[in-house]
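Summary of structural features
Each chain is listed here by its residues.
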Amino acid sequence: GAGVSQTPSNKVTEKGKYVELRCDPISGHTALYWYRQSLGQGPEFLIYFQGTGAADDSGLPNDRFFAVRPEGSVSTLKIQRTERGDSAVYLCASSWGQVGGGYTFGSGTRLTVV
Amino acid sequence: GENVEQHPSTLSVQEGDSAVIKCTYSDSASNYFPWYKQELGKGPQLIIDIRSNVGEKKDQRIAVTLNKTAKHFSLHITETQPEDSAVYFCAATPIQGAQKLVFGQGTRLTINP
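Presented here is a report on the structure given in the accompanying data block. (Residues numbered from 1 in each chain as written. Chains lettered and ligands numbered in written order. Predicted model: local features only at pLDDT ≥ 70, side-chain atom pairs only at ≥ 80, totals over all residues. Heavy atoms only, no water.)

What follows covers the interface of chain B and chain A. Interface size is commonly expressed as the accessible surface area that is lost when the partners come together. At the interface, 19 residues of chain B touch 22 residues of chain A. Between chain B and chain A, roughly 1500 Å² of surface is buried when both sides are summed, and carbon and sulfur atoms account for 52% of that area. The largest per-residue losses of area from chain B upon contact with chain A belong to B:Gln99, B:Lys100 and B:Phe103, which jointly make up 39% of the total buried on that side. One can count one salt bridge joining chain B with chain A. The salt bridge partner of B:Lys100 is A:Asp56, with a shortest N-O separation of 4.0 Å. Scanning the region where chain B abuts chain A turns up four residue pairs in polar contact (both at pLDDT 80 or more). Residue assignment for the side of chain B that touches chain A shows that the elements contributing at least two residues are β4 (32–38) and β5 (45–51) of chain B. (Contact = heavy atoms within 4.5 Å. Buried area = accessible area lost by both parts, 1.4 Å probe. Salt bridge = Lys/Arg side-chain N within 4 Å of Asp/Glu carboxyl O. Polar contact = N/O pair within 3.5 Å; in protein donor to acceptor, adjacent residues only side chain to side chain. Helix = DSSP H or I, 4+ residues; strand = E, 2+ residues; numbered from the N terminus.)

Have a look at this one:
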């Protein structure tokens, strides 16, 4: 596609529920990133995929968070047993994978845990 | 780990004037410094970037300067226009070869007509 697509754009869930957030990167981009942005803050790194493998997952806050990219294109961020503190905008980005290269962000999924 | 500090948090300028946003970073091994513009309800958009082997880069009304010795870099916007109003983020790549970015806290820029 022309840009990075994230669905849903908004998600409201109850505390303790499981959620999945989807990211469709720009076609051909080998690198995919997930970031989390809390209100009034800059994006915080969660995980980076090069192809199908998670090359760096050092930003995942705990084992309730998991992400996959089984075919090297679409990625899903999965959050188990959601907590109110998980409420944020989850941003996905993709790039050609060059080191130190700028990447293209999607518009994000706003997750609200009530 | 890398820490990026950004100032000011808010900035208001008259249309046509210049705006400057400053960032400092902690990791001397950082080698890539992009700037992103984020409008309401949208993801950050890359507007300009600079690598550690360059001291200054310019693209029309925007420019970025880098001082590696002092570990700070700045965004300069000249002849500001109302459409420049947005939140701007600086970022740095924490270590050589790393793919992730560490972002500053953001600057809300308002251009007054």
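The next thing to look at is the sheet that holds strand β7 (residues 65–68) of chain A. Residue and element names in this part refer to chain A. As summarised here, the arrangement of the four strands in space is β1-β3-β8-β7, forming an open sheet in which the pairing is antiparallel. At either margin of the open sheet sits one strand with a lone partner, and together these are β1 (5–7) and β7. Within the sheet, the average angular offset between the axes of one strand and its neighbour, ignoring direction, is 15°. Pairing between strand β3 (residues 19–24) and strand β8 (residues 75–79): five bridges, direction antiparallel. Bridged to Val-19 within β8 is Ile-79. (Pairing = 2+ DSSP bridges. Axes fitted to C-alpha atoms, helices over the stretch in contact; angles between N-to-C directions.)

The next point concerns the pairing of strand β5 (residues 44–50) of chain A. Residues and elements named next belong to chain A. Within β5, five of the seven residues are buried, leaving the element largely enclosed by the surrounding structure. In this sheet, β5 lies alongside strand β4 (residues 31–37) in antiparallel orientation, the contact comprising six bridges. Its bridge partner being in β5, Leu-32 is matched across the sheet by Phe-49. What sits between the antiparallel neighbours β4 and β5 is a turn of six residues, in which Gly-40 has the positive phi angle 75°. Direction of pairing for β5 relative to strand β6 (residues 53–56): antiparallel, over a ladder of three bridges. Bridging across to β6, Phe-49 finds its partner in Ala-54. Counting the residues in the hairpin turn of β5 and β6 gives two residues, including Gly-51, whose phi is positive at 70°. (Buried < 20%, exposed > 50% of the residue type's maximum accessible area, 1.4 Å probe, protein only.)

None of this, on its own, says anything about what the molecule does.
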